[in-house]
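For reference, the chains in residue letters:
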Amino acid sequence: MEFLTEVRWSPYAVGIGIGILSWLSFLISRKPIACSTSFAKTSGMIEKLFLGGKVARKPYYQKIGLAVDWQWMLVVGIIAGSLISALLSGDFRWQWVPSLWAAAFGDNVLLRVIVALVGGVFIGFGARWAGGCTSGHGISGTLQLAVSSWISAICFFIGGIVAAHMIFTLIN
Amino acid sequence: MQTSKSIPGKNISPLLWGLAFGIAFGFLLQKGGATKYDVIVGQLLLTDFTVLKIMLSAVLVGMIGIHAMKTLGWVELDTKSGSAGMNIIGGLIFGVGFAVLGYCPGTIAGAIGNGALDALVGGLAGILIGSGLFATLYPRLSKGILKKGDFGNLTFPRLFKVNDWVIVIPAAMLIFILLYCLERAGL
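So, a few notes on the structure that sits alongside this text. Once a new chain begins, its residue numbering starts again from 1 and follows that chain's sequence as written. Chain labels run from A onward and ligand labels from 1 onward, assigned in the order the entries are written. Local features in a predicted model are, by the rule used here, given only for residues with pLDDT of at least 70; side-chain atom pairs are given and counted only at 80 or more, and totals for whole chains, interfaces and linings are based on all residues. Hydrogens and waters are ignored; side-chain quantities use all the structure's heavy atoms.

### Remarks on the packing of helix H8 (residues 147-171) of chain A against helix H2 (residues 37-44) of chain B
Right, so step 1: The interhelical angle for the contact between H8 of chain A and H2 of chain B, taken along N-to-C directions, is 100°, at an axis separation of 8 Å. Compared by their axis directions, H8 of chain A and H2 of chain B come out roughly perpendicular. Judged by residue contacts, Phe157, Gly160, Ile161, Ala164, His165 and Phe168 of chain A of H8 of chain A engage Tyr37, Val41, Gln43 and Leu44 of chain B from H2 of chain B.
Right, so step 2: Residues are sorted three ways: Asp, Glu, Lys and Arg are charged, Ala, Val, Leu, Ile, Met, Phe, Trp, Tyr, Cys and Pro are nonpolar, and all the rest, Gly among them, are polar. For the contact of H8 of chain A with H2 of chain B, the class distribution of residues is seven nonpolar, three polar and no charged. Each axis is a line fitted through C-alpha atoms, taken for helices only over the stretch in contact, and angles between the N-to-C directions span 0 to 180 degrees. Only runs of H or I of at least four residues qualify as helices and only runs of E of at least two qualify as strands under DSSP, and these elements are numbered from the N terminus. Should an angle fall under 35 degrees it is called roughly parallel, over 145 degrees roughly antiparallel, and 65 to 115 degrees roughly perpendicular, with every other angle called oblique. Contacts were defined at the residue level, with two residues in contact if any of their heavy atoms lie within 4.5 Å.

Structure, rendered in structure tokens:
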């Protein structure tokens, strides 16, 4: 069982594992692995907490439903699974500023948190606009050969590669 | 009595399976390094190809298995309808966020489990705000830009009106060759 305490596995071992996981989720739960809708549900649930039942009547929340479901639990599971893996290998650590960011822009926590927040707004907004994220479109949709998912996944990387180069070469 | 007992069981079991699949997925993402900003942004800067290798090998294995099970009648596909307005514009907006945040919705959950506080405090809040913003604008967007270039719920085999395997086999070969070339190039 030594492999469980290793810090890193080959990306191919990980990819094959995720591929097999996708078979099982289709077989057992009849659902593809996906994540981003759960963030929209959470956002709606928090808004409902403050503004009441009228939030649930927004057309988008009627469409996705504001209840904890299979996919919401999957996202909770990701946090737990990553934590277990990191603890087993001693790779867990609290960190405010990633080292690649710190090397380019310094270790100011507030700057990194603000930029992460802005990036998060784009991610949340863009995932809903495209109807999925790197898991739902990028893995589960592409492996089913869905046209919407291949277009989305290619655009995720075009947008990401251009933006990352602009951030790290032009600004820096 | 029996029915009242079986109903909550029925409701809880999918949630537990969701949790179990999530734990396995998060475990794999962390072992692959995909819960780290440096690895994800390294991919977008084209200096570290870990993320692409994980995604392409998952798609290769997943695609063959899902279509084999579909051919056997064990599973049905569950794909999303789309449009040029949805997938191109939404995809590019997402891509910009991907580079700025350095995590996506799945890997940010993994990053939080790995101890990334920029993910927990900044990124997560941002994703919730961005999703809420979209829900507010949805009535207007859904009648306009999201409908532009609508192609419905389409897969490549249906688009070309061919048997699944006519697409699956060449696609699998292409992915395999691409991964082989990445390794040969030392990336």
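Here the narrative resumes.
### Concerning the nonpolar core
If you look at soluble globular proteins, the nonpolar side chains tend to sit buried side by side.
Right, so step 1: Take the buried Ala, Val, Leu, Ile, Met, Phe, Trp, Tyr and Cys residues and link them wherever side-chain atoms come within 4.5 Å; each set so joined is a nonpolar core. Note on classification: 1.4 Å probe, protein chains only; a residue is buried when its accessible area is under 20% of the maximum for its type, exposed when over 50%, partly exposed between these limits. One finds Ile18 of chain A together with Phe25, Met63, Phe94, Phe98 and Tyr103 of chain B to be the most contacted residues of the largest nonpolar core, which totals 75 residues.
Right, so step 2: The element that contributes the greatest number of residues to this core is helix H3 (residues 50-71) of chain B, accounting for 10 residues.
Right, so step 3: Contact partners of Phe94 of chain B, with chain neighbours within four places excluded, come to Phe122, Ile123, Gly126, Ala127, Cys133, Thr134 and Phe156 of chain A together with Cys104 and Pro105 of chain B.
Right, so step 4: Within the second largest apolar cluster, 15 residues are counted, among which are Leu66 and Phe125 of chain A together with Phe134 and Tyr138 of chain B.

### Concerning helix H1 (residues 11-29) of chain A
Residues and elements named next belong to chain A.
Right, so step 1: Over its 19 residues, H1 extends 26 Å from the first C-alpha to the last, a length consistent with the 27 Å expected when each residue adds 1.5 Å.
Right, so step 2: Among all positions of H1, only Pro11, Val14, Gly15, Gly17, Ile18, Gly19, Leu21, Ser22, Ser25, Phe26 and Ser29 are buried.
Right, so step 3: Between the side-chain oxygen at the start of H1 and the backbone nitrogen of Tyr12 there is a gap of 3.0 Å, and the oxygen is on Ser10.
Right, so step 4: Two residues or fewer after H1 comes Arg30, characterised by a positive phi angle close to 60°. By this rule the span expected of a helix is its residue count minus one, scaled by 1.5 Å. Polar contacts here mean pairs of N or O atoms no more than 3.5 Å apart (in protein, one a potential hydrogen donor and the other a potential acceptor; neighbouring residues in sequence count only if both atoms are side-chain atoms).

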